[in-house]
Amino acid sequence: MIRRQVEDELDLEPSLDAAGIGVAVHSGVVTLSGHVASFAEFQSAQRAALRVAAVGGVANTLEVRLSGAQHRTDEDIAIDAAAVLRSSAQVPDDQIKVTVHEGHVVLEGEVDWRYQAEAADRLVSHLIGVKDVICHISIRRREPNGSVKDQVEAALARSALSNPKAVKVETRADHVVLRGTLPARWERDEAERIAWSVRGVCHVDNNLGVVTPRRDGF
C-alpha cells in the first residue's frame, strides 16, 4: 500500500523522471534506490516520498548519473555557484564560500538566519553538473529579544498548526528542542521553521513525531 502510494507520488512529480527509481518499504520507512539525472531530481524524489502521509522516513540511496552534456569541470561549477549566490537577494554578499570536488559542492560560512542558508543550498542544488551539496553554513550568534522559549511558543500559538500546544519547547541558550507529536509532516516542518524564525536561535533539534489519524475511526 505505502509502496504504491510512493510510486504514484513519484510518477506525478513534474520535476522528476522516476523511471530509474526503485521503492522498498520496511516498517514505514521508504528506501529509494536506482538513479536520477541530477541532484535536483535526487531532492525532488525525496520530497515526493515524504509527502505520502504514511511514510515515517526516507533512506535516499539514489545515485546521481549525469549525462554527457551535464558533466562540467569543478571550476565551472564553482564559478556558477558563486554567481548565483551573488545574484540572490536572500543570500548575504560575501558570507558564503564555495568549494567543489568532482561535482560535490561544499558551502561554508556564517549568516544571520536559517532561511539564508537554505536559500544558498537550494540555489546551488539546481546548477547543472552538481552531484551533491553539503551545507556547513552556520547561524551567527545574535542577542535574542527576550525569552527565546516564550517567543517560540507565542509564534506556534499564532500559527496554522492544528494543535500548537502539542509542541513542547525546551531551550538551552540559543539551542531549541521541539518534542511531541503532530498529525502531519508539513506541521512538523512548519514547527521547525517557526523555531528558526526567532532571533537568537542558532540550533534547532526537531524531535517531533508524526502520528497520522486513521481515517476509519479506529
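For the structure, see preceding data.
Residues numbered from 1 in each chain as written. Predicted model: local features only at pLDDT ≥ 70, side-chain atom pairs only at ≥ 80, totals over all residues. Heavy atoms only, no water.

### Overview of the sheet that holds strand β6 (residues 104-111)
Across a sheet, paired strands are connected by hydrogen bonds in the backbone, their directions being either parallel or antiparallel. The sheet built from three strands is open, its strands ordered β5-β6-β7 with mixed pairing. On the outer flanks of this sheet lie β5 (96-101) and β7 (132-139), each paired with one strand and no other. Strand-to-strand twist in this sheet, taken as the mean axis angle between neighbours without regard to direction, amounts to 10 degrees. Strand direction decides the pairing type here: β5 and β6, joined by six bridges, are antiparallel. Paired with His-101 across the two strands is His-104, which belongs to β6. The strands touched by helix α4 (residues 114-125) within the sheet are β5, β6 and β7, with β7 carrying the most contacts at an inclination of about 165 degrees. (Pairing = 2+ DSSP bridges. Helix = DSSP H or I, 4+ residues; strand = E, 2+ residues; numbered from the N terminus. Axes fitted to C-alpha atoms, helices over the stretch in contact; angles between N-to-C directions. Contact = heavy atoms within 4.5 Å.)

### As for the packing of helix α3 (residues 74-86) against α4
Here α3 crosses α4 at 135 degrees, and the two axes come no closer than 9 Å. On the basis of their axis angle, the class for α3 and α4 is oblique. Note on packing geometry: the crossing formed by α3 with α4 is right-handed. Only Ala-120, Leu-123 and Val-124 of α4 make contact with α3, whose side of the interface consists of Ala-81, Val-84 and Leu-85. Taken together, the residues of the contact of α3 with α4 sort by class into six nonpolar, no polar and no charged. (Parallel < 35°, antiparallel > 145°, perpendicular 65-115°, else oblique. Left-handed = near helix turned anticlockwise from the far one by under 90°. Nonpolar A, V, L, I, M, F, W, Y, C, P; charged D, E, K, R; others polar.)

### What to know about the pattern of salt bridges
The final tally for this structure, using the stated rule, is 14 salt bridges. Here Arg-3 makes a salt bridge to Glu-7, at a shortest N to O gap of 3.2 Å. Of this pair, Arg-3 and Glu-7 both sit in helix α1 (residues 2-12), four residues apart, which is roughly one turn of the helix. The residue Arg-140 makes a salt bridge to Glu-110 at a minimum N-O spacing of 3.5 Å. With Arg-140 in the loop between β7 and α5 (148-158) and Glu-110 in strand β6, this residue pair connects regions lying 30 residues apart in the sequence. According to the relative accessible area criterion, Arg-140 is partly exposed, its value standing at 24%. Within this structure, Arg-3, Arg-4, Glu-7 and Asp-8 form a network of salt bridges that share partners. (Salt bridge = Lys/Arg side-chain N within 4 Å of Asp/Glu carboxyl O. Buried < 20%, exposed > 50% of the residue type's maximum accessible area, 1.4 Å probe, protein only.)

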